[in-house]
Amino acid sequence: MTSKRCQNTSARRLPPKGGHLSLIRLPASQRAKEEFYRALISRCLIFAGAMLLLAGLAGIADDGGDVLVGILMGLITCVVGLLGSWWYVLPSSVPKRDVFVAAGLLWLVMIAVSAVFYVLSGAIGQVDRAIVESVAGFCTTGFSVLARPEDLSKTLLFWRAGTQWLGGLGAISFALLLIPMFRSSDDSGRVPLNASRFRKPNGEADFLAFLKIYCALSVVLAVAYAIAGMGIFDAVTHSGTTISTGGFTNYSTGFFESSAIQWVAVFGMFLAGINGALLFKSLRGSPGSLWRSLEFKVYVGLVVGASGICLIWADVAGERLRQVLFSVTSAISTTGFRLVDWGEWSVGLQMLILLLIATGAMVGSASGGFQILRATEAAHYLAREVRGHTVSTTHTQSRHDFLGEEPLAKMQAFQFLYLAAVGLGAFALACFGTDIVTSISASVSSLATMGPALGDLSPATDIWQLSRPEQAVFAVLMFVGRLFVYPVFIIFGTLVAKIRWLSR
Amino acid sequence: MIEEEADHRSVESASTNRAIMPLRELMKSLRFERRQLLGSSKLRINSLQMKMLGIALLFLCPGMLLAALVEWWASNSHGEVALLASAAICGGLGLLLWFYSETPSEYSDTDFSSRSTVFATVAWTWLICSVVGALPYVLDASVFGWSGWDNALFESISGFSCTGSTVLADIEQHGRGMLMWRQITQWYGGMGMVVLAVSVLPRLRVGGLELIGAEVPGDSDRLEPRVKQTARWLWYLYCGFTAAIALVLFVVPGPSLYDSVAHAFSTAAIGGFSPYNSSIGHFGSVWVEIVIALGLMVCAINFSLHHRAVRRDFSGYAKSPDLLFYFKALGGVFVVTWCLNIWWGDAGWTISLRDTFFSVVSLGTSGGFANAREGGIGDFALWVPATQMLLLGLMVMGGNVGSTSGGLKAYRARIVTSHIWRNIRQTLQPHAVIPIRSGSDIVPEETVRRVLGYTTLFVVFIAAGTTIIAALGTDFLTSLSGVISAMSNIGPALGEAGPTANFLEFDRPARLFLAALMLTGRLEIVAILLMFAPITAKLRRS
């Protein structure tokens, strides 16, 4: 009896094991939660600090003021991050919603660091524009508020590319962390962290091992760019923005001039659209796993099919295969590199490009959008629903019941949330007088973290031509899109719950 | 009891036998032929479906005759011959089918036991009625003629599906009877020919409610214990509303009898056709606009609520969560749009109020009337983008289930919204079980799943349709709004095909595709998808 009571009391002192109805009211869990946020953010700050230091070193030959700012900020960030990660312990598992909130906070902190750097180095004078540029960076979107990036110093250019590289890494980790949530009926509502071990659909992947592969791919791509004829600095920065499906370039126009560079970019963008876990597995000795995946087949099919349609279409016949492939891979991987202005293509092809942007590449990649796995699952689901009407009984056996009903319902909710976000974003843009085509397509595109869209935001243009309130709307949309929509609403819900609790 | 029925039936069949003996003989020989040809094969088409189609066609006849009468009376053109000829063809075909199909005593219970058969029957009935309904336009060379068969089909499908998009360049130059036939097609389409047929079919043991459910939008309620009574009640209410609207239009604001009746037809059906180029703007009267807007709103409410009101139970209106959601959405969009129109537009607040109210109601109920006129802002294709975004949202939502309106329906929009909120809350509280409620009732998960599936299908159709229409050479906004307008059975779109323009803006293949989308939207997608299911199933079995 006594021992039982002891157990009970000790259990009460431990951090809670399940998602709690009233997590906010428990001070212990509150503390645990905040410790988790700080632990995660400080670990990630080390990355940001290292990147800032690298950026400072990259431009050291230029001898500009921003080199000093970069190195100093890098050192400070590194020290803060190291101190934090020494002080705060990462728990073994956390409630799901805490991961959402942590991701949101993490991105906000990163954006803040970057914006401070832009402002201090004098690259971008206005705070709001600096924030938009940072959001575009960490959200791997190909929008820029800078009309002429080539005027920037090497430090700043390296940092711009670095933000995208970090953003891509963060997005993949976040996606790999969350895929089990969307896929299995995991009722504990907790995400296992297991000292930096990440779970993925087909087993376990070490985060550090994954990081190695991400770095290795970047290096390979940089070498390929260099061989194709780029300078070393451009090759490194562009490989960073390619592998993360970012889309920043160092030049305002006419960068991908040589055909070899374009082919390397096509290859890199295609690679960046592949599921990180699958890529990991196929590079770690099981190459067949890539071909066994339905999602990968659909991905290849979409790229080939869309390019075929674009080539067959009369008025683009003038474009070469390379240029079409470039545009298609740029759209489906939501990278946002600009080579051809598809604003001059026929409306049908523009619509096709928009659909590709909305679909996005594979789940678990740095690309945004709805993502192919969800699209295929939605297609299976629809087929089942229609088939369900042909028989008298309403209960039907599904051939694709590996998902289970609950994750399906979650996916449906995600899908409508995504639509709602597109609608709200388009309405917000339209309120500033943007025409409907541009509003809808730009809303889709920035939610997919793509960048260029249709109408007034076709690849020939960029957001630096828009007014500052419109840029702010884009910043919000990119942020929502990068966090895969759902978490933002979760954060919103948490805030509402908190306000309700405070006002009680 | 059973014997009594059997006796009754034999007496009935004997009397009919005597009356139409020669025809019956002919039929018998025909049937012999048919048995020789198809009888033993699995391809034989279900006879009850034929009977249903026959009845539906027979019901079209009086409409055509009425239109012919109007045409002859007005004598501003000579379309009565075409209308009479089509009435003859339609009637002949209907009679043939009625007699060709087997007698009621041979009905088998399995006729409508398969749901795919039900859906396919409804879809084919609609398609064939639309084709027959296009006959007057084709037979009268001054309307479309044979060369404009696709336009005629578009106009007819737009009528029957209560869409209200038109490809007539100058509406007013055509005969009044022909224009009346357009209105009448909408009126037939509003409640649906199948419901009409079910109300008179002698007996239907299985599948009656499913037939109504396949045609009347949304999950149909059983108004009365008997399906036939349900179907009849739906039509009584519908006729009542039509008559009331016609009367009020005629008495209060003062259009002519012809105009009142014509607009009552398309208002009760929430169609949107008008015999005038400028639609309701032709009258320039605020009273006409108010009456029509109110008529649209009343007919966009679930008819089962009206049925309860007829039984003096008015609590349904107040308690229905869908209705509350619907009017909240409509009111919210109206207020925001009105403010935006005052803010951005040049018109004063009264004119903004009037035109915004009418346009929002007209699009929000899936009606599609326009009141564009000099000095007003009724042409919503010219409004600022933000208001147009809101209008697009309303156009997708449409009216309520069990009404004559189109679109996704408020009920589904509400369930989808609740589902999203439920998922967010479940992430915050992983162990919570949160049911979706409809008033005090819990909506079954099966229903939620169906609603989510249907909504996804709807969105997929809009996206795919927009891509196809854009590929056929229309600009993005016109394609998107045109497809939404067709799927939700609204009528006018935005962009090039706004309320003052017509659907000739689209290419010929695009128009046919839009017509297909109208039928798809009116029959809520599944029926069209399963159109060929029974035939392919039979082929596979044989």
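Cut-off values and rules
- Residues numbered from 1 in each chain as written.
- Chains lettered and ligands numbered in written order.
- Predicted model: local features only at pLDDT ≥ 70, side-chain atom pairs only at ≥ 80, totals over all residues.
- Heavy atoms only, no water.
- Helix = DSSP H or I, 4+ residues; strand = E, 2+ residues; numbered from the N terminus.
- Buried < 20%, exposed > 50% of the residue type's maximum accessible area, 1.4 Å probe, protein only.
- Contact = heavy atoms within 4.5 Å.
- Areas by Shrake-Rupley, 256 points an atom, 1.4 Å probe, with all protein chains shown as cover.
- Buried area = accessible area lost by both parts, 1.4 Å probe.
- Salt bridge = Lys/Arg side-chain N within 4 Å of Asp/Glu carboxyl O.
- Polar contact = N/O pair within 3.5 Å; in protein donor to acceptor, adjacent residues only side chain to side chain.
- Phe/Tyr/Trp six-rings, centres within 6.5 Å; stacked < 30°, edge-to-face > 60°.
- Axes fitted to C-alpha atoms, helices over the stretch in contact; angles between N-to-C directions.
- Parallel < 35°, antiparallel > 145°, perpendicular 65-115°, else oblique.
- Left-handed = near helix turned anticlockwise from the far one by under 90°.
- Nonpolar A, V, L, I, M, F, W, Y, C, P; charged D, E, K, R; others polar.

## Quick notes on the overall build of chain B
Then step 1. Secondary structure assignment for chain B yields 24 helices and 2 strands.
Then step 2. Evaluated residue by residue, chain B yields a buried proportion of 58% over its 542 residues.
Then step 3. If you take every contact in chain B between residues at least 6 apart in sequence, the share linking residues at least 24 apart comes to 72%.
Then step 4. Carbon and sulfur atoms form 64% of the exposed surface of chain B, whose accessible area is close to 21300 Å².

## Brief notes about the overall build of chain A
Then step 1. Helix and strand counts for chain A come out as 19 helices and 4 strands.
Then step 2. Every one of the 504 residues in chain A was classed for burial, and the buried ones make up 58%.
Then step 3. Of all intrachain contacts in chain A linking residues separated by at least 6 positions in sequence, the fraction that spans at least 24 positions is 73%.
Then step 4. Entry remark: accessible area of chain A is about 20200 Å², with carbon and sulfur atoms responsible for 66%.

## Brief notes about the interface of chain A and chain B
Then step 1. In this assembly, 53 residues from chain A lie in contact with 47 residues from chain B.
Then step 2. Buried surface at the junction of chain A and chain B, summed over both partners, amounts to about 4300 Å²; 74% is from carbon and sulfur atoms.
Then step 3. Scanning the region where chain A abuts chain B turns up 0 salt bridges.
Then step 4. In this structure, the connection of chain A to chain B is made through 3 residue pairs in polar contact (both at pLDDT 80 or more).
Then step 5. Of all the secondary structure elements, the ones that give two or more residues to the side of chain A that touches chain B are helix H4 (96–120), helix H14 (347–359), helix H15 (372–388), helix H16 (405–431), helix H17 (436–447) and helix H19 (486–503) of chain A.
Then step 6. Tallying contributions element by element places H16 of chain A first for the side of chain A that touches chain B, with 14 residues.

## So, the packing of aromatic side chains
Residue and element names in this part refer to chain A.
Then step 1. Applying the stated criterion across every chain yields a total of 36 aromatic pairs over all chains.
Then step 2. When the ring of Trp 165 is compared with that of Tyr 214, the centres are 4.9 Å apart and the planes differ by 40°; the resulting orientation is tilted. Here the residue Trp 165 occupies a position in helix H6 (residues 154–183), and Tyr 214 occupies one in helix H7 (residues 207–228), the gap between them amounting to 49 residues.
Then step 3. Judged by its relative accessible area of 14%, Trp 165 is buried.
Then step 4. Of the residues examined, Tyr 214 reaches a relative accessible area of 3% and is grouped as buried.

## Looking at the side chain of Gln 471 of chain A
Residues and elements named next belong to chain A.
Then step 1. By the secondary structure assignment, Gln 471 is in helix H18 (residues 468–482).
Then step 2. You can call Gln 471 buried: its relative accessible area is 3%.
Then step 3. Setting aside its immediate chain neighbours within four residues, Gln 471 contacts Arg 129, Val 132, Val 145, Ile 463, Trp 464 and Leu 466.

## A closer look at the packing of helix H5 (residues 115–133) of chain B against helix H7 (residues 149–160) of chain B
All names here are of chain B.
Then step 1. Running from amino to carboxyl end, H5 crosses H7 at an angle of 125°, the nearest separation of the two axes being 8 Å. Relative to H7, the element H5 lies oblique. You can see that H5 and H7 cross each other, and the crossing is right-handed. The residues of H7 that touch H5, namely those facing Trp 126, Cys 129, Ser 130, Val 131 and Gly 133, are Leu 153, Ser 156, Ile 157 and Phe 160.
Then step 2. Looking at the contact of H5 with H7, its residues break down into 6 nonpolar, 3 polar and no charged.

## Considering the pattern of salt bridges
Residues and elements named next belong to chain B.
Then step 1. One pass over the full model with this rule turns up 16 salt bridges over all chains.
Then step 2. Residue Asp 150 pairs with Arg 508 through a salt bridge whose shortest N-O separation is 2.7 Å. One end of the pair, Asp 150, is in helix H7; the other, Arg 508, is in helix H22 (residues 508–522), and 358 residues separate them in sequence.
Then step 3. On the basis of relative accessibility, which here comes to 5%, the residue Asp 150 falls in the buried class.
Then step 4. For Arg 354, the salt bridge is made with Glu 289, and the minimal N-O distance between the two is 2.9 Å. Residue Arg 354 is found in helix H17 (residues 349–364), and its partner Glu 289 is found in helix H13 (residues 286–299); the two are separated by 65 residues along the sequence.
Then step 5. Taking relative accessible area as the criterion, Arg 354 reaches 22% and is therefore assigned partly exposed.
Then step 6. On the basis of relative accessible area, Glu 289 is assigned to the buried category, the value being 3%.

Functional significance is not addressed by these values, which are geometric in nature.
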